[in-house]
There are 2 protein chains.
Amino acid sequence: MRVYLDNAATTPLLPEVLEAMLPYLKTHFGNPSAIHAHGRESRAAIEKARKTIAQCLNCLPGEIFFTSGGTEANNMALRCTVRSFNIRHLITTPIEHHCVQQTALELQQEGKIQVHLLAVDQYGRINLRQLEVLLQKLPAPVLVSVMHANNEIGTIADLQAIGELVFRYQGIFHSDSVQTVGHLPLDVRALPVHLLVGSAHKFHGPKGVGFIYVRNDIRISPLIVGGGQERNMRAGTENVAGIVGMAHALELCCSRMQEHMAYVSGLRQQLIRSLKADFTDVRINGDPENVLHTILNVSFPLNDQTAMLLFNLDLQGISASSGSACSSGAEKGSHVLEAIGGHEQRVAIRFSFSALNSFEEIDHVASTLRRLIPQPAAAQG
Amino acid sequence: MRVYLDNAATTPLLPEVLEAMLPYLKTHFGNPSAIHAHGRESRAAIEKARKTIAQCLNCLPGEIFFTSGGTEANNMALRCTVRSFNIRHLITTPIEHHCVQQTALELQQEGKIQVHLLAVDQYGRINLRQLEVLLQKLPAPVLVSVMHANNEIGTIADLQAIGELVFRYQGIFHSDSVQTVGHLPLDVRALPVHLLVGSAHKFHGPKGVGFIYVRNDIRISPLIVGGGQERNMRAGTENVAGIVGMAHALELCCSRMQEHMAYVSGLRQQLIRSLKADFTDVRINGDPENVLHTILNVSFPLNDQTAMLLFNLDLQGISASSGSACSSGAEKGSHVLEAIGGHEQRVAIRFSFSALNSFEEIDHVASTLRRLIPQPAAAQG
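Residues numbered from 1 in each chain as written. Chains lettered and ligands numbered in written order. Predicted model: local features only at pLDDT ≥ 70, side-chain atom pairs only at ≥ 80, totals over all residues. Heavy atoms only, no water.

With respect to the domain arrangement of chain A
Residues and elements named next belong to chain A. When cut into domains, chain A gives domain 1 (3-10 + 256-372) and domain 2 (15-255). Distance from the C-alpha centre of domain 1 to the C-alpha centre of domain 2: 27 Å. Contacts between domain 1 and domain 2 engage 31 residues on the former and 35 residues on the latter. For the pair domain 1 and domain 2, the two sides together bury roughly 2900 Å², of which 56% comes from carbon and sulfur. Summed over the three residues of domain 1 that lose the most area to domain 2, namely Arg256, Met257 and His335, the buried surface amounts to 24% of that side. Counting the contacts that link domain 1 with domain 2 gives two salt bridges. Residues Arg125 and Asp287 are paired through a salt bridge, measuring 3.7 Å at the closest nitrogen-oxygen approach. Between the two partners, domain 1 and domain 2, sit 18 residue pairs in polar contact (both at pLDDT 80 or more). Per-element accounting of the side of domain 1 that touches domain 2 gives the leading share, five residues, to helix H12 (residues 335-340). Partitioning the side of domain 1 that touches domain 2 into residue classes produces 14 nonpolar, 14 polar and three charged. (Domains from an automatic or database assignment. Contact = heavy atoms within 4.5 Å. Buried area = accessible area lost by both parts, 1.4 Å probe. Salt bridge = Lys/Arg side-chain N within 4 Å of Asp/Glu carboxyl O. Polar contact = N/O pair within 3.5 Å; in protein donor to acceptor, adjacent residues only side chain to side chain. Helix = DSSP H or I, 4+ residues; strand = E, 2+ residues; numbered from the N terminus. Nonpolar A, V, L, I, M, F, W, Y, C, P; charged D, E, K, R; others polar.)

Observations concerning the pairing of strand E7 (residues 195-199) of chain A
Here is the key point about a regular strand: its side chains alternate between the two faces of the sheet. Residues and elements named next belong to chain A. Across the five residues of E7, five count as buried, placing the element largely inside the fold. Burial along E7 is two-sided: the residues Leu195, Val197 and Ser199 and Leu196 and Gly198 are all buried. When strand E6 (residues 172-176) meets E7, the two strands line up parallel, connected through three bridges. Paired with Asp176 across the two strands is Val197, which belongs to E7. Relative to strand E8 (residues 210-214), E7 runs antiparallel, the two being bridged by five bridges. By the bridge assignment, Leu195 is partnered in E8 with Val214. (Buried < 20%, exposed > 50% of the residue type's maximum accessible area, 1.4 Å probe, protein only. Pairing = 2+ DSSP bridges.)

Quick notes on the sheet that holds strand E2 (residues 64-67) of chain A
All names here are of chain A. With respect to topology, seven strands assemble into an open sheet ordered E2-E8-E7-E6-E5-E3-E4, the strand pairing being mixed. Only two strands of the sheet have a single partner each, and these edge strands are E2 and strand E4 (114-117). For this sheet, the mean inter-axis angle between neighbouring strands, taken without regard to orientation, is 20°. Docked against the sheet, helix H2 (residues 37-57) engages E2 and E8, running at close to 120° with respect to E2. In this fold helix H3 (residues 70-84) packs onto E2, strand E3 (89-92), strand E5 (143-145), E6, E7 and E8, with an angle of close to 160° to the strand it touches most, E7. (Axes fitted to C-alpha atoms, helices over the stretch in contact; angles between N-to-C directions.)

Below, the structure written as structure tokens:
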């Protein structure tokens, strides 16, 4: 039995999504910018996909722009907003994804902006009062970038409360919502947010495609230029099959969202119950009250049994993560765990779930952990 | 019969390429940055693809970086080279693809560089002497960007001669080779070039994936940041299936290149023969001596029959183009035809071929043109 519990890194493509993509990998191959029949067929598919995604998020089709993924979209959100609004100050958090952190750092190094980091508590929560003090102090417009759910520990930020503050002070609010699009209800018409980012492969769509939502009362310049595609907002021949797949995946995820949330929360709770029963010193990271149901970050004390835990889990057929997939190749500690503190001499593992996982798999993971990390007899049972 | 003669805009995915991609759209879905078995499987596929592409171009695998396509790669080539080498002067041509032109223009508007446009003659050829004079005059290092084959008229630039000049004056040479990768032999070890760009969907691979070749004696910074992917040269989860498909498509194209060149040249010659026999005033655009076999740009005098020619061809089931697909949505005249001159009061059509086209299709196009543009009796037969 091979068990995949790294769904925050990427999810399997749903067979129905592949089915929807196949015509665009076979007969419907035209360039959407071409005005002939082959081209119009592709153009129609893209615009239908845009409409589907807009319906899932409750926004206008014209507010959705396709990109090559979440990373490009987050780069674009920060870099192009700073340029278009002559932003001088960016407020963000120390637990953002590297693509937000690194873009912010580059913009600061280029002398364009000053970056202000909000403090986070032990659960990865920001302090709204600190945000308001900064917004009061700094000259408008300020760009605020806070991710919706943290990709390592799952803590969910209160976009409504943050956005209301940002809007009150005439700021621009960007949220990297890569972990939540398709997994949590998102009604952008109701939400005070200017820029949201999604990545297809995080919700059972294909890799290599994502989108940025840009609220229609702001206008930013493109990151990649030189073609009229996406109404001059993103040049380059569109990844038609990818876009079609993304829309279909999001539609499926949204139509089954309540059911999936309940089921996946159940998987997560089951693993938590087992871990608490089996281990004397296991910690659950992330906000206990407001955490994404797809992510469970736990830590054990560092010792001979846990030092190579991720490696040993892999040997036992279990795919999990030490945190963000994007930094797992690099042998660096997690910037998120460092920011929330208290993880010295501990080993953290991120299990991340999808509706394709089963309770049987969860039990298998729990029993494997019991074998890999033997406990004193008293703690067992 | 529907005939597709817009292969310079995009090509159909080969069925064998889709077959190669399918495992990565089904079971092999891991994130290549993940260190577990699911991830390693994807990582291995990407590195195999990199090796395949390197072999096709005769370069090192470490000189190939994957992008979301040719447009991103060309943006990166210009923008990141300017930044990394503190380039102040860019020499280019007035017939580059919009993604090169627009990036150059933006860099100039940002005050980073001055753009110097080489003159082109009636065939779209640059003057090497003018290039050398500029290289002598301008402070090194100068960035030179000249496309390999023009996407509208097919004129092939002499990369060897241009590159030798650029290297002699310690410049950096970039060539947008989107139209030639997979279609013309490219031996980058023998060629004096620093940066080359390819796009999968121009050689029967999937849309949404491309690459940039960066000669290993230069180093440029990334365009899209925030993840260790592509050895810190391009952040974002890799489009694994797309990369696998691109490599397979290029391998197929390179293995059949001589055969395809002969066959497609034959299609092109056949259409030229028909047009010359049938029409009193038809012009073939592009360099008669050095033109890409996949592209045939012709023009007719503007009159009632030709004004809507592209539209009428489409109605008759023939997909062709008025020029670059990327600008066909916009109702602007071709910047390429404007640069080579002499196209006032004429209607240009680009037919572009692939080895999937047949001689029967060419004959059908020729007879359709005869019907759509009636000629005086004397000119017929």
